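For reference, the chains in residue letters:
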Amino acid sequence: MRKPLIALAALALLAVPVHGTASAAPTGPAGENAPCYNWSVKSREGYANGRRCGSKVHGTVKDTRADGRCPYVRVKTQKGWYFDGPWVGPKGKSKKFTIDTRGDFATHYYLRYIHC
């Protein structure tokens, strides 16, 4: 009798979802009707901000330093995919962009740069 109870307990543990770090991404459909969230990132090279609605990330990236580096936004999704926005430069320039994450939710935003 003890072995079936242990097996049932083990199966029950497998059915419990394991959650990692919290994210603002909902679990529903990734269409345009999904909830929207504001985001912003900043680094030495510049800053970016915008809004994520469903699987679309809208925003603006701005270069704030005359350092030969052009900032751009990198988005990471729930499935671990990465998408990059346009890079901008020189100092004082900005660009608006839209990134389509192909049906997946963006969960992390990074401000990266390239030498330009």
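Predicted model only: the values in this text are computed from it and were never measured. (Residues numbered from 1 in each chain as written. Predicted model: local features only at pLDDT ≥ 70, side-chain atom pairs only at ≥ 80, totals over all residues. Heavy atoms only, no water.)

1. Here we look at the sheet that holds strand β2 (residues 46–53)
Part 1: The strand order β1-β2-β3-β6 describes an open sheet built from 4 strands, whose pairing is antiparallel. The sheet is open, and its two borders are formed by β1 (36–42) and β6 (94–100), each paired with just one other strand. Pairwise comparison of adjacent strand axes, ignoring direction, gives a mean angle of 15° for this sheet. (Pairing = 2+ DSSP bridges. Helix = DSSP H or I, 4+ residues; strand = E, 2+ residues; numbered from the N terminus. Axes fitted to C-alpha atoms, helices over the stretch in contact; angles between N-to-C directions.)

2. Side note on the pairing of strand β4 (residues 69–77)
Part 1: Within β4, 7 of the 9 residues are buried, which leaves the element mostly enclosed by the surrounding structure.
Part 2: The pairing of β4 with strand β7 (residues 106–115) spans 9 bridges and is classified as antiparallel. Within the sheet, the bridge partner assigned to Cys70 lies in β7 and is Ile114.
Part 3: Here β4 folds back onto strand β5 (residues 82–84) in antiparallel fashion, the turn holding 4 residues, of which Gly80 has a positive phi close to 90°. (Buried < 20%, exposed > 50% of the residue type's maximum accessible area, 1.4 Å probe, protein only.)

3. Observations concerning the nonpolar core
Part 1: Residues Trp39, Val57 and Val73 are the most contacted members of the largest nonpolar core, which totals 14 residues.
Part 2: When residues of this core are traced back to their parent elements, those giving at least two are β1, β3 (56–63), β4, β6 and β7.
Part 3: Looking at which element gives the most residues to this core, the answer is β7, with 3 residues.
Part 4: Beyond its immediate stretch of four places on either side in the chain, Val57 contacts Trp39, Arg51, Arg52, Val75, Phe97, Thr98, Ile99, Thr101, Ala106 and Tyr109. (Core = buried A, V, L, I, M, F, W, Y, C linked by side-chain atoms within 4.5 Å. Contact = heavy atoms within 4.5 Å.)

4. Section: the environment of Lys62
Part 1: Within the secondary structure, Lys62 sits in strand β3.
Part 2: With 28 residues separating them in the primary sequence, Lys62 and Pro90 have C-alpha atoms 9.2 Å apart.
Part 3: If we skip the residues at most four places from it in the chain, Lys62 touches Glu45, Gly46, Tyr47, Pro71, Val88, Gly92, Lys93 and Ser94.

5. Details of the pattern of salt bridges
Part 1: Taken as a whole, this structure holds 3 salt bridges when the rule is applied.
Part 2: Two residues, Arg69 and Glu45, come together in a salt bridge whose shortest N-O distance is 2.8 Å. Within this pair, whereas Arg69 is found in strand β4, its partner Glu45 is found in the loop between β1 and β2, the two being separated by 24 residues in sequence.
Part 3: The class for Arg69 is partly exposed, based on a relative accessible area of 22%.
Part 4: Judged by relative accessible area, which is 6%, Glu45 ranks as buried.
Part 5: With its nearest N and O atoms 2.7 Å apart, the salt bridge here joins Asp84 to Arg74. Linking Asp84 in strand β5 with Arg74 in strand β4, this pair joins segments that are 10 residues apart in sequence.
Part 6: Asp84 sits in the partly exposed class, given a relative accessible area of 41%. (Salt bridge = Lys/Arg side-chain N within 4 Å of Asp/Glu carboxyl O.)

6. Some remarks on the confidence of the model for the protein
Part 1: When pLDDT is averaged across the protein, the result is 81; 72% of the residues are at 70 or more.
Part 2: pLDDT under 50 marks residues 1–30. Its contacts with residues more than four places away, or in other chains, come to 21 contacts. (pLDDT = per-residue confidence, 0-100.)

7. Remarks on the state of the cysteines
Part 1: The full count for this structure, using the stated rule, is 2 disulfides.
Part 2: Between Cys36 and Cys53 runs a disulfide, and the two sulfur atoms are separated by 2.1 Å. The disulfide joining Cys36 to Cys53 has a torsion of about 120° about its S-S bond and is therefore right-handed. Placement of the pair is Cys36 in strand β1 and Cys53 in strand β2, with a sequence separation of 17 residues.
Part 3: Since its relative accessible area comes to 29%, Cys36 is described here as partly exposed.
Part 4: The disulfide that involves Cys70 links it to Cys116, with 1.7 Å between the sulfurs. One disulfide, between Cys70 and Cys116, carries an S-S torsion of 80° and so falls in the right-handed class. Note that Cys70 is positioned in strand β4 and Cys116 in the segment after β7, a separation of 46 residues in sequence.
Part 5: For the protein, numbering the cysteines in disulfides from first to last along the sequence yields the connectivity 1-2, 3-4. (Disulfide = S-S within 2.5 Å.)

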